[in-house]
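Residues per chain, in single letters:
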Amino acid sequence: MKHRAPVLALLAAAAAAQAQPAYELLLKGGHVIDPKNGISARMDVAVAKGRIARVAPSIDARQAARTVDVSGLYVTPGLIDMHVHVYAGTGLKGVYTGDLSVYPDGFSFRSGVTTMVDAGTAGWRNFPDFRQRVIERARTRVLAFLNIVGGGMGITSEDDPADMDAGAAVRMARQHRDLIVGIKVAHYSKEGWPDVDNALKAANELKLPIMVDFGWTNENRNLKILMEEKLRPGDIYTHCYSGHRDELLDGKTNPAMWNGRRRGILFDVGHGGGSFYWNIAVPMTREGFWPDSISTDLHTGSMNAGMKDMTNVMSKILNLGATLEDVIRMSTWAPARQIGRTDLGHLSEGAEADITVLSLQKGKFGFIDAAGARLAGDRMLVAELTIKGGQVMWDRLGWAATDWEKFPYRKRERPR
Ligand SMILES: [Zn+2]
């Protein structure tokens, strides 16, 4: 009987190894929509070491340290909002590089967003300040389009061709290649094409897309020339339902828009405070002109008006008649591809565990456009749980939390 004790010790060690859970987190019973991988089905999702470890019809809860019952909810890749303004905290009054911006973490996770792309709030003069002041301090992943205007949206004139320096933009983008995903053009209101031409010059050198907020148009500067002669496949036209540049012409989608789409130009919502109207979006989507990507154009002027937040804009596109699968694709895998970050926007095994859990509520809802007009709807997406890198960042109703009667409260130590 001498060998008995070592055998018991071995058995105990084996049991302990088995008890060590393989996964930190298991989302169980949800409906996974992962457009990149062509999944729209009831699936469990397991997370280990901050990454997606497994997606399968049934994963044993005993293998996970924490299991969250998400039955009745939709499990999607972390949402990517590819048009926001988050260069806050500069103290500048009345401009996007200041008080019109918001801090990313205050608005991202609570609406299901794990990645935000700032749309040119900073240019080649002030990007390093934006980086240290906001991007590096945020828990949200913040990427950026660099404005072709040196001062971005605030410290110099957006109409001054002398500040649209392609060489300086290229140098700055190369210094911050980990964050800069493209070049932004916005708000130009004078003659000619110095904004678009200089942005294209920089983008060609960098092999990056440009995003265009087309500013003001005239006879010599219009949608037809932009779509048919200027933009390249993969370039992004934001504010596609604004109507300000004749996107809708005589009640029909401008043929230039269709020609642009045929050439591979991509169309982004960029709702904002003045760029989304039902009398433009309804006829265009009825004709089948859907956006490639959904984004908010978040800033202080849009968030308290019709735009509100990412899930509200997604709900608008849903109530216009898009399928839920399409709406999720437009908010995850499509923007990830547009910004060249194909490591994001999907739930492939090994990907960083950025996950959003949404409820699809049914009832009587209303959605306001940038003019204040209402469209009645019957479905509303709500962000229930937002996970970034395996960490719960937002939990609306305590889905992942322990009931207080079982919670291991610890007595707080008095500071010495
Ligand atoms: Zn914008």
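As a reminder, the structure under discussion sits directly above these lines.
Residues numbered from 1 in each chain as written. Predicted model: local features only at pLDDT ≥ 70, side-chain atom pairs only at ≥ 80, totals over all residues. Heavy atoms only, no water.

Draft legend 1. Quick peek at the overall build of the protein chain. Looking only at helices and strands, one finds 11 helices and 17 strands in the protein chain. Computed over C-alpha atoms, the radius of gyration of the protein chain comes to 24 Å, within 12% of the 22 Å expected from 2.2 N^0.38 for 416 residues, which places it in the range of a compact globule. C-alpha atoms of the protein chain, sized along the principal axes, occupy 100 × 50 × 40 Å. The contacts of the protein chain with a sequence gap of at least 6 include a subset with a gap of at least 24, amounting to 74%. With 52 positive and 47 negative side-chain charges, the protein chain shows a separation of 8 Å between the mean positions of the two kinds. (Helix = DSSP H or I, 4+ residues; strand = E, 2+ residues; numbered from the N terminus. Rg over C-alpha atoms; globule rule 2.2 N^0.38 Å. Contact = heavy atoms within 4.5 Å. Lys, Arg positive; Asp, Glu negative; His and termini not counted. Charge placed at Lys NZ, Arg CZ, Asp CG, Glu CD.)

Draft legend 2. A look at the sheet that holds strand S7 (residues 113-123). Across the sheet, which stays open at both edges, the 7 strands sit in the order S6-S7-S8-S9-S10-S11-S14 with parallel pairing between neighbours. Whereas interior strands pair on both sides, the edge strands pair on one side only; in this sheet they are strand S6 (79-84) and strand S14 (266-267). Looking at chain direction, S6 and S7 are connected through 4 bridges and run parallel. When the sheet's bridge partners are listed, Leu79 is paired in S7 with Val113. (Pairing = 2+ DSSP bridges.)

Draft legend 3. Seen up close, the side chain of Thr253. Its location among the elements puts Thr253 in strand S13 (residues 252-253). Beyond its immediate sequence surroundings of up to four residues, Thr253 is in contact with Glu247, Leu248, Trp258, Met284, Glu287 and Phe289.

Draft legend 4. Spatial organisation of empty space enclosed by the protein. Under the criterion given, the structure shown has 1 cavity of 30 Å³ or more. Reported here for the largest cavity is a volume of approximately 60 Å³. What lines the largest cavity is simply Gly78, Ile80, Thr114, Thr115, Arg141, Asp343, Leu344, Gly345, His346, Glu352 and Asp354. Across the lining of the largest cavity, the residue classes tally to 2 nonpolar, 5 polar and 4 charged. (1 Å grid on protein atoms, 1.4 Å probe; cavity = no way out; pocket = protein on both sides within 12 Å on 5 of 7 lines; lining within 4 Å. Points joined across faces, edges and corners; volume = space filled by probe spheres on them. Nonpolar A, V, L, I, M, F, W, Y, C, P; charged D, E, K, R; others polar.)

Draft legend 5. Quick peek at the environment of Leu179. Locating Leu179 in the fold gives a position in the loop between helix H3 (166-175) and strand S9 (180-185). When the C-alpha atoms of Leu179 and Val142 are compared, they prove to be 7.5 Å apart, with 37 residues separating the residues in sequence. In this view, Leu179 contacts Phe127, Arg131, Ile135, Val142, Leu143 and Ala144; residues no more than four positions away in its chain are not counted.

Draft legend 6. Up close: the pattern of salt bridges. In the structure shown here, the tally under the stated rule is 20 salt bridges. The partner of Lys230 in a salt bridge is Asp197, and the shortest N-O contact between them spans 2.9 Å. Placement of Lys230 in helix H5 (residues 223-230) and of Asp197 in helix H4 (residues 194-206) is noted, with a sequence separation of 33 residues between them. Between Lys224 and Glu228 there is a salt bridge, with its nearest N and O atoms 2.9 Å apart. Linking Lys224 with Glu228, this pair stays in helix H5, spanning 4 residues, or about one helical turn. Among the charged side chains, a salt-bridge network with shared partners connects Lys28, Arg42 and Asp44. (Salt bridge = Lys/Arg side-chain N within 4 Å of Asp/Glu carboxyl O.)

Draft legend 7. Expanded view of the nonpolar core. If you look at the biggest cluster of nonpolar residues, it comprises 100 residues, and the most contacted ones within it are Phe127, Leu226 and Tyr237. With residues near it in sequence (within four places) discarded, Tyr237 still touches Val212, Phe214, Leu223, Leu226, Met227, Arg245, Glu247, Met257, Ile265, Leu266, Phe267 and Asp268. Core analysis: the next-biggest nonpolar cluster, separate from the first, contains 20 residues, Met43, Val45, Val55 and Leu347 among them. (Core = buried A, V, L, I, M, F, W, Y, C linked by side-chain atoms within 4.5 Å. Buried < 20%, exposed > 50% of the residue type's maximum accessible area, 1.4 Å probe, protein only.)

Draft legend 8. Summary view of the coordination of the zinc ion. Around the zinc ion, the donor atoms from the protein are His83 (NE2), His85 (NE2) and Asp297 (OD), and they sit 2.1 to 2.4 Å away. Between consecutive donors of the zinc ion, the numbers of intervening residues give the motif H-x1-H-x211-D. Of this pair, His85 sits in the loop between S6 and S7 while Asp297 sits in the loop between helix H7 (278-286) and helix H8 (300-303); the two residues are 212 residues apart in sequence, bridging distant segments of the chain. (Donors = N, O, S within 2.8 Å, 3.2 Å for Na, K, Ca; no water.)

Draft legend 9. Fine view of the environment of Ala256. Residue position: Ala256 is located in helix H6 (residues 255-262). Assessed through its relative accessible area of 2%, Ala256 is described here as buried. With 150 residues separating them along the chain, Ala256 and Gly106 place their C-alpha atoms 38 Å apart. For Ala256, the contacting residues outside a window of four places in its chain are Leu223, Lys224, Met227 and Glu228.

Draft legend 10. Region of the structure containing the environment of Asp326. Summarising the element assignment, Asp326 is placed in helix H10 (residues 324-331). Asp326 gets classed as partly exposed once you look at its relative accessible area, which sits at 28%. Taking C-alpha positions, Asp326 is 25 Å from Leu231, a pair spaced 95 residues apart along the chain. For Asp326, the side chain forms a polar contact with the side chain of Arg329, separated by 2.9 Å. (Polar contact = N/O pair within 3.5 Å; in protein donor to acceptor, adjacent residues only side chain to side chain.)

Draft legend 11. Fine view of the packing of helix H9 (residues 310-319) against H10. Running from N to C, H9 and H10 cross one another at 140 degrees; their axes reach a closest spacing of 9 Å. One finds that H9 runs oblique with respect to H10. As H9 runs across H10, the sense of the crossing is right-handed. Of the residues in H10, those in contact with Met310, Met314, Ile317 and Leu318 of H9 are Leu324, Val327, Ile328, Met330 and Ser331. (Axes fitted to C-alpha atoms, helices over the stretch in contact; angles between N-to-C directions. Parallel < 35°, antiparallel > 145°, perpendicular 65-115°, else oblique. Left-handed = near helix turned anticlockwise from the far one by under 90°.)

Draft legend 12. Focus on H6. Of the residues making up H6, those classed as buried are Ala256, Met257 and Gly260. The arc enclosing the buried residues of H6, seen along the axis, measures out at 105 degrees, which places them on a common side. Buried-residue contacts for H6 involve H5, strand S11 (236-237), S13, S14 and H7. Put simply, Asn254 is the residue that caps the front of H6, since its side-chain oxygen is 2.9 Å from the backbone nitrogen of Ala256. Following H6 by one or two positions, Gly264 adopts a phi angle in the positive range, close to 95 degrees. (Arc of directions from axis to C-beta.)

Draft legend 13. Quick peek at the packing of H3 against H4. For the pair H3 and H4, the least separation of the axes is 9 Å and the interaxial angle reads 40 degrees. For the element pair H3 / H4, the angle class is oblique. At the point where H3 passes H4, the crossing takes the right-handed sense. On H4, the residues touching Ala166, Ala169, Val170, Ala173 and Arg174 of H3 are Asn198, Lys201, Ala202, Glu205 and Leu206.

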